[in-house]
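Residues per chain are reported as follows:
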Amino acid sequence: MTITLRTVLSWRDVASVAEGAPLSLAPAVRERIAYASRIVERIVETGVRAYGVNTGVGALSDTVVDRESQSRLSRNIILSHASGVGELLAPREVRAIIAAEIANFAHGHSGVRPEIVSHLAIFLEKDCIPDVPSKGSAGYLTHSAHIALVLIGEGGARVAGKAMSGREALAAIGLEPLVLGAKEGLSLVNGTACATGLSSVALARAERLLAWADAIAALTLEAAGCQMAAFDQAVLALRPSKGIAAVGASLRARLQGSGLVAAALGRRTQDALSLRAIPHAHGAARDVFDNSARVVDQELASVTDNPAVSGTPENPVVSSEAHAVAPALGQAADGLAIALAQIAAMSERRMDRLVNPLVSGLPAFLAGDAGSNSGFMIAQYTAAALANENRRLAVPASTDGGLTSGLQEDFLAHPTAAANKLLAVIDNAEYILAIELMAAAQAHDFLNAAGTRAEGTDAIYKMVRARIPHYGDVRPLSGDMEALRNLIRGTLPPDISE
């Protein structure tokens, strides 16, 4: 489905473009971009002093640049700011950043020429993915600079998966290198497109992860013989939370009609907290998710270029501000990372209860022949290691320090670092949930005589067994983990409403 940019993009729009959906610009958007470009042209003609148009940038903001040097300034900004290092971002993430850049220019307060935006849109259309190193942004700048390199025929890119130079990539998609005008170099590296694009991808992945967390937890609850009274609607309503209510409804719906749950009624006074507190932890994460999504949408609706241009060509206004700084975005990504790290840690604890013979009532480590078989003993080690790594990743990036640009930029909000950490937490959480899912399905294999599964959990169990068979220590477990991680990453669990 084509995403049409008319006023603003949402995080869902950006995530869809990241996955390959086409992006088109409405005529009104193109006109806004062109109008802002005419304002910058007028500023150049009149010589009105404006940051990044006819001055240097950062600590060099008081250095005036003559008209003949302004195009060279734009090009030099791109070259000097392309200072990223490390592994390249995945194509999905680069596409998300480009979509967020286009959304920022579409507000009509940057002043880049329409050709800039058209070239970026063609990158998306023709599957031209600039080489963007993943590390190097204290706030923003480097990721976008590496995208801009290809616009001027520098850097590198992959077109339909084939690696080539920036100039070759442009030729392959029918474009010529651009000669940048005044302010265009600064606009191409400025703003929060990088963090916003990456956060949009993270939200899409997190939404799917949260749906699976509930479904997998239900399969584990059933195998553990949970006490459903803790999840009654009236009981959960004593703690008002949209998230808690939603998770409680999901668990009740998925476990409705379970013979295993009915057989366990009254077996215990109450379950362990990793079982009983699922609505509270998963619900809290859903509430954090909703707030993070609101912040990312707010960011996409915001002008994040500095300076912003407004007024008219006859009466241009240039406003130096700090809209490229995004404390709210960094805090939102940090908050969601903490929430998902907690969800993953709880999943590891539930998985341990399934494999631990001290509490499970099942064969030790879910092995068919304990002793000669180790079953899922070491799979729990893997889940524990990933949960611990997530605890380290959950340390907030938004509280980091850093002084740059000769004290001119002496506060950094680190939204890009926060978004990258969030994506890393999601990577680990997907594996941890996959390990719990693997163990829960194995536990059910030993419970066939104890009672029937609910329709909602049976659908999950069958999805697992369609991909991996019962485990008997006859193959490496890592392949099973990858298969179920790909299931979690690429699909949604069957929807069952209460």
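In case you missed it, the structure is sitting above this.
Draft legend 1. Looking closely at the sheet that holds strand β7 (residues 162–165). Here three strands make up an open sheet; going across it, the order is β4-β6-β7 and the pairing antiparallel. Both edges of this open sheet fall to β4 (128–130) and β7, since each of them pairs with a single strand only. Taken over all neighbouring pairs, the strand axes of this sheet differ in orientation by 30 degrees on average, direction set aside. As paired elements, β4 and strand β6 (residues 156–159) share three bridges and run antiparallel to each other. Pairing of Ile-129 across the sheet is with Arg-158, part of β6. Along the sheet, helix α6 (residues 142–151) contacts β4 and β6; its crossing angle with β4, the most-contacted strand, is approximately 130 degrees.

Draft legend 2. Region of the structure containing unusual backbone geometry. For the bond running from Asn-306 to Pro-307, omega is 0 degrees, close enough to zero to count as cis. Looking at the element boundaries, Pro-307 is found in the loop between α14 (278–300) and β8 (308–311). At Ala-160, a residue that is not glycine, the phi angle is positive and equals roughly 55 degrees. Position of Ala-160 among the secondary structure elements: in the loop between β6 and β7.

Draft legend 3. Focus on the pattern of salt bridges. With the rule as written, the count across this model stands at 22 salt bridges. Salt-bridge contacts for Arg-75 lead to Glu-154; the nearest nitrogen and oxygen are separated by 2.8 Å. Here the residue Arg-75 occupies a position in helix α3 (residues 70–81), and Glu-154 occupies one in the loop between α6 and β6, the gap between them amounting to 79 residues. Residue classification places Arg-75 among the partly exposed positions, given a relative accessible area of 32%. For Glu-154, a relative accessible area of 29% corresponds to the partly exposed category.

Draft legend 4. Representation of the pairing of strand β9 (residues 316–319) within the structure. When β8 meets β9, the two strands line up antiparallel, connected through four bridges. Considered in β9, the bridge of Ser-310 is made with Val-317. Here β8 folds back onto β9, and the loop between the two strands holds four residues.

Draft legend 5. Region of interest: the pairing of β6. Here four bridges tie β6 to β7, and the two strands are oriented antiparallel to one another. Bridge assignment links Ala-157 to a residue of β7, and that residue is Met-164. Between the antiparallel neighbours β6 and β7 lie two residues, among them Ala-160 with a positive phi of about 55 degrees.

Draft legend 6. Here's a closer look at the side chain of Arg-95. Looking at the secondary structure, you find Arg-95 in helix α4 (residues 91–105). An unpaired buried charge is present at Arg-95: no salt bridge exists, and Asp-127, the closest side chain of opposite charge, is 4.8 Å distant. Filtering out sequence-adjacent residues up to four positions away, Arg-95 remains in contact with Val-17, Ala-18, Gly-20, Ala-21, Leu-124 and Ile-129.

What counts, and where the lines are drawn
Residues numbered from 1 in each chain as written. Predicted model: local features only at pLDDT ≥ 70, side-chain atom pairs only at ≥ 80, totals over all residues. Heavy atoms only, no water. Pairing = 2+ DSSP bridges. Helix = DSSP H or I, 4+ residues; strand = E, 2+ residues; numbered from the N terminus. Axes fitted to C-alpha atoms, helices over the stretch in contact; angles between N-to-C directions. Contact = heavy atoms within 4.5 Å. Salt bridge = Lys/Arg side-chain N within 4 Å of Asp/Glu carboxyl O. Buried < 20%, exposed > 50% of the residue type's maximum accessible area, 1.4 Å probe, protein only. Lys, Arg positive; Asp, Glu negative; His and termini not counted.

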